[in-house]
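Architecture and fold: a report
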Amino acid sequence: MEIVYVYVKKRSEFGRQCNFSDRMAEVNVDIQPDPVLAMNFIERDPIDTGVQCASDMSEHEVNTERFEMETRGINHLEGGWPKDVNPQEMEQTIRFRKKVEKDENYINVITQLGSLMDHCIKQNNAINIYEEYFEEEEMAGVTDEPPSAKTISVFRDPNLIKRTATHLSWHPDRCRKLAVSYSSLEFQRSSKDMSYDSYIWDLEIPNKPEMVIRPTSPLVCLEYNPKDSHILIGGCYNGQIAYWDTRKGGLPVELTTVELGHRDPVYNVIWLQSKTGTDCFSGSTDGQVLWWDIRKLSEPTETLVMDISRKGMLENALGAIALEFEPTMPTKFMVGTEQGMVISCNRKAKTPAEKIVCTFSGHHGPIYSLSRNPFYPKNFLTVGDWTARIWSEESRESSIMWTKYHMAYLTDGCWSTTRPAVFFTTKMDGTLDVWDFLFKQNDPTLNLKVCDDPLFSLRLQDNGRFIGCGSKLGTVTLLEFSSGLCTLQRNEKNLASAMFERETKREKILEARHREMRLKERTKAEGKEEEVKDEVEEEKPEETLERVQKEFFEVIEGELRRRERARTKLKSIAGQDQKEEEEEELILPKEEEKDEEEEEKK
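The name recorded for the chain in an unreviewed UniProt entry is Dynein intermediate chain 2, axonemal, from Phrynosoma platyrhinos. The annotation that UniProt attaches to the chain under Subcellular location (unreviewed entry) is "Cytoplasm, Cytoskeleton, Cilium axoneme". Taken directly from UniProt, the Sequence similarities (unreviewed entry) text for the chain runs: "Belongs to the dynein intermediate chain family."

Next comes the structure, spelled out in structure tokens:
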């Protein structure tokens, strides 16, 4: 593209034209040095100086040192005794107490302090200064607060080669500790220098893990024992099951044998509700669910193959990723498979074929999370592909509620432990969605951008206020929700129950309608097939030839008749036009004769 600028000035207005030429140097002015002025100068050494027109600038970087906190206890010894009294000797201390109790000064001091204490106790009994007034009004005001969440702390993988935080587990008693398992789930992409360690974090010390768990293979899942908080069980990437006792250090107490364990990574391990508190079961993508007793991990106590054809063949088994066990239903458990199907099982059935009760199919990809509603165990939540779905055990053909299809893949989800209508989901774009289907059904109530990396794991504390989110690069973010998201709202249980029942009823009606339509189509198709079969069986080749010839000649005769009718119709139309023309010719001469007679009369 040419850029042209047109000058509108005259040449004379630009000024005098410069003419340059080559010539030798000339001396125009010669200033001789004045010795008097030399006294005004100060000699400098060195005399070389750099001059720069731009201003001087500097860059400074400051980084604070990482602050690490430690918890230390202090032991106090009993003191205040005279030098001649040994506090370890019971007789000397009793003798000294009796001596002090007889002192008049001691009696006066105790009497004065006792009267003051008596007054405070009576005042405290009369008025409860900790009493909460107007609790109902405060509860009602909570609902008006917009839902929100804030980051409390962040726990980062201390290793140079970052791994995915695959599973989180809260300490069952104090909830001040969080066990996190770290593993690389990308097939054959793990580095040789990658660490196998997993960690237990103290919420008050986010910079340094409280304890290091050292497995023989990277841990895919790690779970606290709800009955004994010192015991943890974990599923390894190589298919082994191991358990740890935090009182005995970071090395596993016992491991399962490789031959009798899983053949694929163990994606989930759940503790069972038992008297001993030592029973658990595990699921893997090798298609097996195995039961274990940590007192004897040499072999599984029970085995179930996830073959929905009920033949027990491991080649046809569906890989197990998510497990669900509800303590109120000790005989039932559910398995979420990598084929997008949920399998409901009954452990107490007599044969392995009867243990697989029914299936729920609705996802296009693996089911990463499966959990029952803590208030209504008949309804459960599944998370997979691009949606989260809510199911009812009474409706097996389809889910009763589901979220919209998201642009990013969903990775985990769980129900709120305090509100029956609230659940949480994580996505590959690093966002956490909070859903409240009583408030909004099409979109999440709260959408949080937790980090830039994909989120892979999610775990909510029992109080429903704190939630941990694990990312692909091993960062665990702890969030605290506003009181509206973790406080039971007025009449919420009844509303949630009514919605579950209504949606279940609607799905049942639709299922019955679909079954009726399918039955009609099947019977119609079967009837047509039978008619065709009968015709084919009854007719002989000669009869078929005669029938075809007859149909052919009928078609030809029909075509000939149609053409004849068209020809006659055209003839009738042409005859009618000729008759009209003749009548016109007769009428015209008569009119001419009348005109001639009138002219003769005139």
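What follows concerns the side chain of asparagine 268. One can find asparagine 268 in strand β10 (residues 266-271). We classify asparagine 268 as buried; its relative accessible area is 12%. Ignoring anything within four residues of it in the chain, the contact list for asparagine 268 reads His167, Cys221, Phe281, Ser282, Gly283, Ile321, Ala322 and Leu323.

Turning our eyes to something else, we now look at the sheet that holds strand β14 (residues 320-324). With antiparallel pairing, the four strands of this open sheet are ordered in space as β14-β15-β16-β17. The open sheet has two free edges, formed respectively by β14 and β17 (356-361), since each of these has just one partner strand. On average, each strand axis in the sheet is tilted by 25° relative to the strand beside it, whichever way the strands run.

Once that is clear, we can look at the state of the cysteines. Evaluation of the coordinates by the stated rule reveals zero disulfides. Cysteine 358 forms no disulfide, and the closest cysteine sulfur to it belongs to cysteine 345, at a distance of 8.7 Å. Overall, cysteine 358 belongs to the buried group, its relative accessible area being 8%. Of the cysteine sulfurs around cysteine 486, a residue in no disulfide, the closest is that of cysteine 414, at 13 Å.

The next thing to look at is the packing of aromatic side chains. Under the definition given, this model contains 20 aromatic pairs. Ring centres of tryptophan 291 and phenylalanine 333 lie 5.3 Å apart, and the angle between their planes is 80°; this geometry places the pair in the edge-to-face category. Within this pair, whereas tryptophan 291 is found in strand β12 (residues 288-293), its partner phenylalanine 333 is found in strand β15 (residues 332-337), the two being separated by 42 residues in sequence. Among the residues examined, phenylalanine 333 registers a relative accessible area of 4% and is labelled buried. On the basis of an interplanar angle of 5° and a centroid distance of 6.1 Å, the ring pair of phenylalanine 423 and tryptophan 435 is categorised as stacked. With phenylalanine 423 in strand β23 (residues 422-427) and tryptophan 435 in strand β24 (residues 431-436), the pair connects residues that are 12 residues apart, well separated along the chain. By the burial criterion, phenylalanine 423 is buried, and tryptophan 435 matches it. Through pairs of rings, three or more aromatic residues link up here, namely Tyr376, Trp415, Phe423, Trp435, Phe437 and Phe500.

On to the sheet that holds β10, then. Taken in spatial order, the four strands of this open sheet run β10-β11-β12-β13, and their pairing is antiparallel. Every other strand in the sheet has two partners, leaving β10 and β13 (302-305) as the edge strands with one partner each. On average, each strand axis in the sheet is inclined to that of its neighbour by 20°, with strand direction left out of account. Note: strand β11 (residues 279-284) against β12, five bridges, orientation antiparallel. By the bridge assignment for β12, cysteine 280 is matched with tryptophan 292.

Rules of the game
Residues numbered from 1 in each chain as written. Predicted model: local features only at pLDDT ≥ 70, side-chain atom pairs only at ≥ 80, totals over all residues. Heavy atoms only, no water. UniProt positions renumbered as here; feature names shortened; annotations may be inferred. Helix = DSSP H or I, 4+ residues; strand = E, 2+ residues; numbered from the N terminus. Buried < 20%, exposed > 50% of the residue type's maximum accessible area, 1.4 Å probe, protein only. Contact = heavy atoms within 4.5 Å. Pairing = 2+ DSSP bridges. Axes fitted to C-alpha atoms, helices over the stretch in contact; angles between N-to-C directions. Disulfide = S-S within 2.5 Å. Phe/Tyr/Trp six-rings, centres within 6.5 Å; stacked < 30°, edge-to-face > 60°.

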